[in-house]
Amino acid sequence: MNAVEASGLELRAGGRNVFSGIDLEAPVGSMVVVRGRSGAGKTSLLLTLAGRMRATSGGLRVLGEELPGRAGAVRRRVALAEVRGVNDLDDALTVEQHVAERLVLHQPWYRPWVSKDQVAEQIARVERAVAVTAETGADVPALRPREFVSDIDPLERMALGVVLALIGRPDVIVVDDVDSLRRTEDRRRAWESLSALRHTSAIPLTVLASCSDTSDIRWHTGDDRILIDLQDSPATEGAS
């Protein structure tokens, strides 16, 4: 089964093509990497695939739901890690405050609070996921619950964005601009961690991510990864 199917997908805005000619068949559990320079339309394409932006033309089906008609259903199953300018983390909140806030969003409206046990349970779940990624060599640092977002380093901030996205147990997560991590080692650990996360739940997680440079990605034999290159014509790239 495909998580994402796109045919001739195009978005026009401000009299120009933001992206065009996107053809994609991404199986459940695969990783789709959107590559392009700054301003190439990477974020717009990710948000379109996530049901947050409406394509101008072309066909798009996500998790079996036709877009744009079923955008609401897609949004409930596709979660965004932090996308700058869309769902920024609050520097004034701690890690556990962010977790509590996100848990509340997934509860009925008449329960606008969460217990300390709920937050602790979620943090423990995160630690188990981080342990799985460590086995792959990603070694992403554990999040410290009472630390303020303003004090955590860029890799931890990206990890927190992913953790918050996973709270609703989505089928697909979106991670924008991995290249915002300045250190080569951090980018390598981020890619390895994202790859490992796809297999930490009973239902394989599909990852949609973007970057401008794919040289930090290790393409493992047998991996189901797809590269969409917005600098040239769309293409797929197998494992090497």
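Sequence positions are assigned chain by chain, starting from 1 and proceeding in written order. Side-chain atom pairs in this predicted model are given and counted only at pLDDT of 80 or more, local residue features only at pLDDT of at least 70, and totals for whole chains, interfaces and linings cover all residues. Hydrogen atoms and water are omitted, and side-chain values are computed over all heavy atoms in the structure.

**A look at the environment of Arg128**
Phase 1: The secondary structure listing takes helices from DSSP runs of H or I that are at least 4 residues long and strands from runs of E that are at least 2 residues long, numbered from the N terminus. Residue position: Arg128 is located in helix α4 (residues 116-134).
Phase 2: Throughout, exposure labels follow a simple rule: accessible area from a 1.4 Å probe, protein chains only, divided by the maximum for the residue type, with under 20% read as buried, over 50% as exposed, and the rest as partly exposed. On the accessibility criterion, Arg128 (52% relative accessible area) is exposed.
Phase 3: As a C-alpha pair, Arg128 and Arg12 span 116 residues in sequence and 42 Å in three-dimensional space.

**Considerations on the environment of Thr133**
Phase 1: Of note, Thr133 is situated in helix α4.
Phase 2: In what follows, residue pairs with any heavy atoms lying within 4.5 Å of each other are defined as contacts. Thr133 has contacts with Ala138, Asp139, Ser193, Ala196 and Leu197, leaving out every residue within four places of it along the chain.

**A short note on empty space enclosed by the protein**
Phase 1: Two kinds of site are reported from a 1 Å grid over the protein atoms alone, namely cavities, where a 1.4 Å probe fits but cannot get out, and pockets, open sets with protein on both sides within 12 Å along at least five of seven lines, and residues are called lining when an atom falls within 4 Å of a point. Grid points are joined across faces, edges and corners, and a volume is the space filled by probe spheres set on the points. The tally for this structure, following the rule as stated, stands at one cavity of 30 Å³ or more.
Phase 2: Computed from the structure, the largest cavity encloses a volume of approximately 40 Å³.
Phase 3: Along the walls of the largest cavity sit Val95, Val99, Ile123, Val126, Glu127, Ala142, Leu143, Leu160 and Val163, which together make up its complete lining.
Phase 4: Of all the secondary-structure elements, those providing two or more residues to the lining of the largest cavity are α3 (95-105), α4 and α5 (154-166).
Phase 5: If you tally residues by element for the lining of the largest cavity, the top one is α4, at three residues.
Phase 6: Of the residues assigned to the lining of the largest cavity, the class counts are eight nonpolar, no polar and one charged. Residue classes follow a fixed rule: Ala, Val, Leu, Ile, Met, Phe, Trp, Tyr, Cys and Pro count as nonpolar, while Asp, Glu, Lys and Arg count as charged, and any other residue, Gly among them, counts as polar.

**A short note on the pairing of strand β1 (residues 2-13)**
Phase 1: A pair of strands counts as paired when DSSP detects no fewer than two bridges linking them. Sheet analysis places β1 next to strand β2 (residues 16-27), joined by eight bridges and oriented antiparallel. Each bridged residue has a counterpart across the sheet, and for Leu11 the counterpart in β2 is Phe19.
Phase 2: The turn linking β1 back onto β2 is made up of two residues, and Gly14 within it adopts a positive phi angle of 60°.
Phase 3: Bridging between β1 and strand β4 (residues 57-62) involves five bridges; their strand directions are antiparallel. The residue of β4 that forms the bridge with Glu5 is Arg61.

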